[in-house]
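Analysis of the macromolecular model
Okay, here's what each chain looks like letter by letter:
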Amino acid sequence: MSELESLRTFVSAARLGSFAGAARQLNLSPAMVGRRIQAMEARYQLKLIERTTRSQRLTDQGRQFLERAEAVIAAAQALDECGQTATLSGRIRLTAPTTLGVRWLPPIIARFTAENPGVIFELSLSDRRVDLVTEGFDLAVRVGELPSSSLVARRVGTYRFALVASPDFLSRNPAPTTPADLAQYRCILNLILVPRNRWVFVNAQGERSTVEVAGAIEVDNGEAQRRLAIDGAGIAYLPANLVEEDLAAGRLISLLPEWQLLSLPIHAVHPSRHLVPRRVSAFIQAVVDAFACPES
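What comes next is a walk through the structure. Treat the numbers as computed from the prediction; the structure is a model and nothing was measured. (Residues numbered from 1 in each chain as written. Predicted model: local features only at pLDDT ≥ 70, side-chain atom pairs only at ≥ 80, totals over all residues. Heavy atoms only, no water.)

1. What about the sheet that holds strand β13 (residues 260-261)?
What counts, and what does not: If DSSP finds at least two bridges between two strands, the strands pair. By the criteria applied, helices consist of DSSP H or I runs no shorter than four residues and strands consist of E runs no shorter than two, each listed in order from the N terminus.
Pairing within the open sheet is antiparallel, and its 3 strands lie in the order β9-β8-β13. Strands with a single pairing partner mark the edges of an open sheet, and in this sheet they are β9 (208-212) and β13. Looking at chain direction, strand β8 (residues 198-202) and β13 are connected through 2 bridges and run antiparallel. Counterpart to valine 202 in the pairing with β13 is glutamine 260.

Following this line, the structure appears as structure tokens:
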């Protein structure tokens, strides 16, 4: 067993908060994780992790050791890559929102892996805000304004929305002519938007209008909202990319086209560290190129 493997085991256990979590991430048994960490404590004569039957926590020495261990791992990874000017390899653990991950990322990942067959992707789609460090992810693609944090973010694109309804719904309800009219309609609300019941519109003069809407259906998944809209359940405020094929095919109709709708930034976010693996930085650039967004 190499010293680096021991360090990686310790970092994983420290960041995930449990030996069992580290074992799952590293494909080891919890007992093996424990033995590796005990061996490190004996070697360096330090108590790194205090454990009880219910919890574990880093000691003060453990916190200092963790910072240095991560620096050593990052430096070793950079050394491994020094002689690999053309070839990328290794695993990228990536998390993204469900709709963006289903609609936008697959073709980018497919092209990237075709060009770099040594790279393995582990893609986790979730609409919750994943803790990259604690859960061991290399990278996240996130939609919306980012809170202040120690994470490193790069703007990669823009997430635009469309206001849509089905021909069936519009055959039973006259189309709205102004955003204010929407208060009288059944709308399909997105639980991910905050606040979910206030839809933003901007007119040709740049004036912003926020309309409070209501509906009998609230969903936390874009694909489910899309299907409900197609089936005539109400008016939906959906990602434009999600419904572009439906609009072209006539399954959905765009409403209030003279008004601009909400747009949100898309960022690639990775843990703050001095040395980013080349495979991760190369994939971020691939996302930027695919979204055709200049740096901002």
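2. Thoughts on the pairing of β8
Taken together, the 5 bridges between β8 and β9 define a ladder with antiparallel strand orientation. Each bridged residue has a counterpart across the sheet, and for tryptophan 199 the counterpart in β9 is valine 211. The antiparallel hairpin formed by β8 and β9 contains 5 residues in its connecting segment, where glycine 206 sits at a positive phi of about 85°.

3. A short note on helix α3 (residues 30-44)
Spelled out, the test is: To estimate how far a helix should reach, multiply one less than its number of residues by 1.5 Å. Remark: exposure states derive from per-residue accessible area (1.4 Å probe, protein chains only) relative to the maximum for the residue type, with buried under 20%, exposed over 50%, and partly exposed in between. In this description, the arc belongs to the directions extending from the helix axis to the C-beta atoms.
Between its first and last C-alpha atoms α3 spans 21 Å; for 15 residues at 1.5 Å apiece the expected length is 21 Å, and the two agree. Every buried residue of α3 is accounted for by Val33, Gly34, Arg36, Ile37, Met40 and Glu41. Looking straight down α3, one finds that the buried residues subtend no more than 165° of arc, so they occupy a single side. Among the exposed residues of α3, those oriented more than 90 degrees off its buried face are Gln38, Ala42 and Arg43. Following α3 by one or two positions, glutamine 45 adopts a phi angle in the positive range, close to 55°.

4. Things to note about a nonpolar patch on the surface
Inclusion rule: Each patch is assembled from residues with relative accessible area greater than 30% and no salt bridge, linking like charges that lie within 9 Å and nonpolar side chains (Val, Leu, Ile, Met, Phe, Trp, Tyr) that lie within 5 Å. The protein chains shown are the only cover counted for residues, whose accessible areas, like all others here, come from Shrake-Rupley with a 1.4 Å probe. When a carboxyl oxygen of Asp or Glu is within 4 Å of a side-chain nitrogen of Lys or Arg, the pair counts as a salt bridge.
Taken together, the side chains of Val102, Leu123 and Leu125 present a nonpolar region at the surface, about 210 Å² in accessible area. Examined against the element boundaries, valine 102 turns out to sit in helix α5 (residues 98-103). According to the relative accessible area criterion, valine 102 is partly exposed, its value standing at 41%.

5. Regarding the pairing of strand β11 (residues 235-239)
The element β11 is extensively covered by neighbouring structure, given that 5 of its 5 residues are classed as buried. Relative to β11, strand β6 (residues 152-165) runs antiparallel, the two sharing 4 bridges. In the sheet register, valine 164 faces β11, and the bridge partner there is alanine 236. One ladder, built from 2 bridges, connects strand β7 (residues 186-190) with β11; its direction is parallel. By the bridge assignment for β11, cysteine 187 is matched with isoleucine 235.

6. Re the environment of valine 211
Counted only if it meets this: Any pair of residues with heavy atoms lying within 4.5 Å of one another is described as a contacting pair.
Its place among the elements puts valine 211 in strand β9. Valine 211 sits in the buried class, given a relative accessible area of 6%. Between the alpha carbons of valine 211 and proline 271 there is a distance of 37 Å; along the sequence they are 60 residues apart. Leaving out residues up to four positions away in the same chain, valine 211 has contacts with Pro179, Ala180, Leu182, Ala183, Asn197, Arg198, Trp199 and Phe201.

7. What about the pattern of salt bridges?
Tallying each qualifying case throughout the model produces 12 salt bridges. Between arginine 93 and glutamate 122 there is a salt bridge, and its shortest N-O distance comes to 3.0 Å. Residue arginine 93 is found in strand β3 (residues 90-96), and its partner glutamate 122 is found in strand β4 (residues 119-125); the two are separated by 29 residues along the sequence. Using a relative accessible area of 15% as the deciding quantity, one classes arginine 93 as buried. A salt bridge links arginine 226 to glutamate 223; the nearest nitrogen and oxygen atoms lie 3.6 Å apart. Taken together, the residues arginine 226 and glutamate 223, both in helix α9 (residues 222-230) and 3 residues apart, mark about one turn of the helix. Linked through salt bridges whose partners overlap, the residues forming this network are Arg103, Glu223, Arg226, Asp246 and Arg251.

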